[in-house]
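# Understanding the architecture of this molecule
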Amino acid sequence: MPEQLLWGMEIVMNGLMTGVLYALVALGFVLIFKASGIFNFSQGVMALFAALTLVGIMEGRVPFSHLIKAVSGVSVHHFGWNVPAFAAILLTMAVMVLLAWLVNRFIFRHLVGQEPIILFMATIGLAYFLEGFGDIMWGSDIKKLDVGLPEGINDTIDEVTFNLLGYGFFIDNLDLWATFVAVLLVIALVMFAQYSKHGRAMRAVADDHQAALSVGINLNFIWVMVWSLAGFVALVAGIMWGSKSGVQFSLSLIALKALPVLMLGGFTSIPGAIVGGLIIGVGEKLFEFIIGPMVGGATENWFAYVLALIFLVFRPQGLFGEKIIERV
Amino acid sequence: MKMKLATLALGAVMAAGPAMAELVFPSLSYRTGPYAAGGIPFADGYADYFTLLNERDGGIGGEMIEVPECETAYNTEKGVECYEATKDLGSLVYQPLSTGITYQLIPKITADGIPMLTSGLGRTSAKNGAVFPWVFNFPANYWDGASVAIKHIIEEEGGDISGKKIALVYHNSAYGKEPIRTLEKLSEKHGYELTLQAVDHPGQEQKSQWLQIRRERPDYVIMYGWGVMNQVAIQEAVNIRFPMENFIGIWWSGSENDVKPAGDGAHGYKALTFHNLGDDYPLYDDLKKHVFDKDLAAGSGDQHGTAIYNRGLYAAMLVAEAAKTAQEIHDTSKITPAMMRDGMEALEMTEEKMESLGLPRFGPEFKVSCENHGGNGYAAIGQWDAKAGEWKLVTDYMQSDQEIVQPLIEADSMAYAEENGITPGCN
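Not measured: the values here are computed from a predicted model. (Residues numbered from 1 in each chain as written. Chains lettered and ligands numbered in written order. Predicted model: local features only at pLDDT ≥ 70, side-chain atom pairs only at ≥ 80, totals over all residues.)

### Topic: the overall build of chain B
Put simply, the rule is: Numbering of helices and strands starts at the N terminus; helices are DSSP runs of H or I of at least 4 residues and strands are runs of E of at least 2. Note that the radius of gyration is over C-alpha atoms, with the globule rule given as 2.2 Å times the number of residues to the power 0.38. Think of it as a crowd count around each C-beta: if 20 or more other C-beta atoms lie within 10 Å the residue is buried, if 12 or fewer it is exposed, and in between it is partly exposed, with C-beta placed from the backbone throughout. Throughout, a pair of residues is in contact if the C-beta atoms placed from their backbones lie within 7 Å.
Within chain B, the regular secondary structure consists of 15 helices and 16 strands. Taken over the C-alpha trace, chain B has a radius of gyration of 22 Å; the compact-globule value for 427 residues is 22 Å, and the two agree within 12%. Projected onto its principal axes, the C-alpha positions of chain B cover 85 × 50 × 40 Å. Expressed as a percentage of the 427 residues in chain B, the buried residues total 56%. For chain B, the proportion of contacts with a sequence separation of at least 24, taken over those separated by at least 6, is 70%.

Here it is, written out as structure tokens:
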């Protein structure tokens, strides 16, 4: 088999894995938008906040230690214990549920009936608040996140492809795990939405708030639940991305990668987020491989947004989004 | 009564504003934002050195030092705002830890007559003081870094690197592209094959670049990164099992923050530096006695001895020595920014001086002049010891290839002079 073709195959496989990681971030946006019509600008920062909280709990860090020192002069950074990863994930999830409740109680409950742009602006404010709050709570240093997921080249795939094709493919173990977790997450979310009582209530709220209210669905509860689910998705995305680069401020910027994914897949479709992520992941990697060397490289962000722009022109609702029909 | 009121008002103004007799060294810091992990230790080191001088020596030449800090979040517009907000406080010299802010400030500080020091960053050709009288970039610049990295590779390869493959992984920005021309010129001289790998900002996703490196198997990789790009690149290099001792970062890719997330896999990774590493210096004893133990340390006090904290100390030490030189030249302790510029242009850093400051062998020796605002282009190589969790200097300071670097600086600075109608000259 020609070398270029083998490399292309390797790139497609890695692009698929990267696409799954993009989709993980995009899923959080979809959940909230679907249920409440809010485009949650703070989804990336929620991933950062969740990952910061997870590391903080795992390492037994004292929250607000810098603030405590500045105010009282007392220097306490660690409790002196470590929490196992699984327990820390559960505790972090509890924090994200609390955050969801607080966000609804103090922000969105006061904005019911407001224009979408107002709600969007509120999420921008929330993003900036969480950025600063996360820094004050856990510090700005880069934190290593190790929840026990394997990292580095998968030797089995390397050996098998080498024996079969004469070229060993590189697949990162962490990406394989991310794919596995993302598949489980999507199945769980779809099952929840389709078959559980609260999932059906969530879909009813998404279809028509007024109608849902009229049949006795508690809107506040559903919104807290949806924000908690988005918090859970943010935690999963934060774990996967944070394991690759350490937990740091830049984790919040992964939201930028989710935007073209959403434009492609549609803002209201969970399968759309996955398919959009895969298309962006594979497309940007192949484009960088084939066209990148001719134009100096670093084409990936450009490609993702140009592809999204093309979709906006020809199919503004995305691949799986609901077509907006307004009758006059 | 009127006299009393006037006296009170004057007193209030003097108390509220900065005392003009003080020496003001503003700190355009970034403790927030995507690069806070690099900005915090630098700002802490910069502030702690001046606190030490105030506590131990009563300032410089009897004048107390003030370090007003202004948060830029590494944002160029905010950096310019900070400059405008602090320049009238009697600011003697600016050290923005950002190439973007540096480029914006060059025309402003030139017009306002306030010197700027951009050690290891900013506009490389500012080394030519005949064109850039107010900008200094001693002791080393980006092009020196590229050249010293190649020099180290030549030493590792026993003197001959013809036919070797060297890849540059760089941040796709003006900063990241800085070494390309130098490396191309050096490849013509030494016969190595150079490949370029641009990484999009912020650098969170680099799979394409590292798959290509895995396919092409370069003998060495040089990196010009900053922020998350560094951590991801080092992790990806570990993932593809690239030999870490053949992976060399510029000094902005050589902090503890960059290597720790990759754990033991980062062991052996190298990075350039223009100052020494660790905390085994007499100066640290003084810092402990006069600053840390008195609870006067800047920030949370958890950055002492890190690579970028040391860079902050070094940056403060250089301008403090320049201020002393200015006081000697002008025979006054109350120096102005113009006098400070003269002090910087007459600065000479010798081993004897560094030893007397409690920082033996901390940086290269150099002498500044009007023609040479950038020092002699010396840098060393540090290597990360993951087991000990510390950087260690593994080479002496090496001089960059002046035959290559100097003509590039001359050409670039003269082009700038022509574009901006500057008549180069040294008085």
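### Some points on the packing of helix α2 (residues 36-57) of chain B against helix α12 (residues 307-330) of chain B
All names here are of chain B. Note the threshold: Every axis in this analysis is a line fitted to C-alpha atoms, fitted for helices over the stretch in contact. Angles between the N-to-C directions lie between 0 and 180 degrees. Note on terminology: angles under 35 degrees are roughly parallel, angles over 145 are roughly antiparallel, angles of 65 to 115 are roughly perpendicular, and the others are oblique. The handedness criterion is simple: a crossing whose near helix is rotated anticlockwise from the far helix by less than a right angle is left-handed, and one whose near helix is rotated clockwise is right-handed. Gly is put with the polar residues, along with every residue not named as nonpolar or charged; the nonpolar set is Ala, Val, Leu, Ile, Met, Phe, Trp, Tyr, Cys and Pro, and the charged set is Asp, Glu, Lys and Arg.
Across the interface, α2 lies against α12 with an axial gap of 7 Å and an inter-helix angle of 40 degrees. Accordingly, the angle class assigned to the pair α2 and α12 is oblique. Along this stretch, α2 crosses α12, giving a crossing that reads as right-handed. Two secondary-structure elements touch here, α2 through Gly-38, Pro-41, Phe-42, Ala-43, Asp-44, Gly-45, Tyr-46, Asp-48, Tyr-49, Phe-50 and Leu-53 and α12 through Ile-308, Tyr-309, Asn-310, Arg-311, Gly-312, Leu-313, Ala-315, Ala-316, Met-317 and Ala-320. Considering only residue class, the contact of α2 with α12 consists of 14 nonpolar, four polar and three charged.

### Thoughts on the environment of Ala178(A)
Residue and element names in this part refer to chain A. Structurally, Ala-178 can be placed in helix α7 (residues 173-195). Taking the number of C-beta atoms within 10 Å as the measure of exposure, Ala-178 has 25 and is therefore buried. A C-alpha to C-alpha distance of 8.8 Å links Ala-178 and Val-236, two positions 58 residues apart in sequence. With residues near it in sequence (within four places) discarded, Ala-178 still touches Met-17, Val-20, Leu-21 and Met-240.

### Structural notes on the packing of helix α2 (residues 43-58) of chain A against helix α4 (residues 85-106) of chain A
All names here are of chain A. The contact between α2 and α4 brings their axes to 9 Å, and the two run at 135 degrees. Taken together, α2 and α4 sit at an angle that is classed as oblique. Crossing of α2 against α4: the hand is right-handed. Packed against α2, whose contacting residues are Ala-50, Thr-53, Leu-54, Ile-57 and Met-58, the element α4 presents Ala-85, Ala-88, Ile-89, Leu-91, Thr-92, Val-95 and Met-96 at the interface. A per-class count over the contact of α2 with α4 returns 10 nonpolar, two polar and no charged.

Note that all results are geometric; they support no functional claim without further evidence.
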